[in-house]
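Descriptive analysis of the structure
What follows is the residue order along each chain.
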Amino acid sequence: MKIWVNGVTREATPEEAKLIEAMQPTISYDDRVEMRIAERYSIGKQIAILRQKDEKPEEDAEFYAFAEQIKAEERNK
């Protein structure tokens, strides 16, 4: 499981992963969505995609579809 800490995405330690899993019911929908998106796209990458959406519409569409999929999955939990 990847986590985002102080602007850096990294692999969670086993202890951190257990703690996050134990907290899942108390983590907000927005935070769960943000964490899951950050597993694939760093904040910097997300900004780059948004900044270049007119020049790279395929990349923007892929990111948008991924984010919408994550949102739907989290809403249905």
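For the structure, see preceding data.
All values reported here derive from a predicted model rather than from experimental measurement.

1. What to know about the pattern of salt bridges
Enumeration according to the criterion identifies seven salt bridges in this entry. One salt bridge in this structure joins Glu16 and Arg10, with 2.8 Å as the shortest N-O distance. Overall, Arg10 belongs to the partly exposed group, its relative accessible area being 31%. Between Lys77 and Glu74 there is a salt bridge; the shortest N-O distance is 3.2 Å. Classification of Glu74 as buried rests on a relative accessible area of 2%. Salt bridges sharing common partners tie together Arg32, Arg36, Glu73, Glu74 and Lys77.

2. Focus: the side chain of Glu74
By the secondary structure assignment, Glu74 is in helix H4 (residues 57-75). Side chain to side chain, Glu74 and Arg32 meet in a polar contact 2.6 Å long. Not counting residues within four places of it along the chain, the set of residues in contact with Glu74 comprises Tyr29, Arg32, Val33 and Arg36.

Parameters and conventions
- Residues numbered from 1 in each chain as written.
- Predicted model: local features only at pLDDT ≥ 70, side-chain atom pairs only at ≥ 80, totals over all residues.
- Heavy atoms only, no water.
- Salt bridge = Lys/Arg side-chain N within 4 Å of Asp/Glu carboxyl O.
- Buried < 20%, exposed > 50% of the residue type's maximum accessible area, 1.4 Å probe, protein only.
- Helix = DSSP H or I, 4+ residues; strand = E, 2+ residues; numbered from the N terminus.
- Polar contact = N/O pair within 3.5 Å; in protein donor to acceptor, adjacent residues only side chain to side chain.
- Contact = heavy atoms within 4.5 Å.

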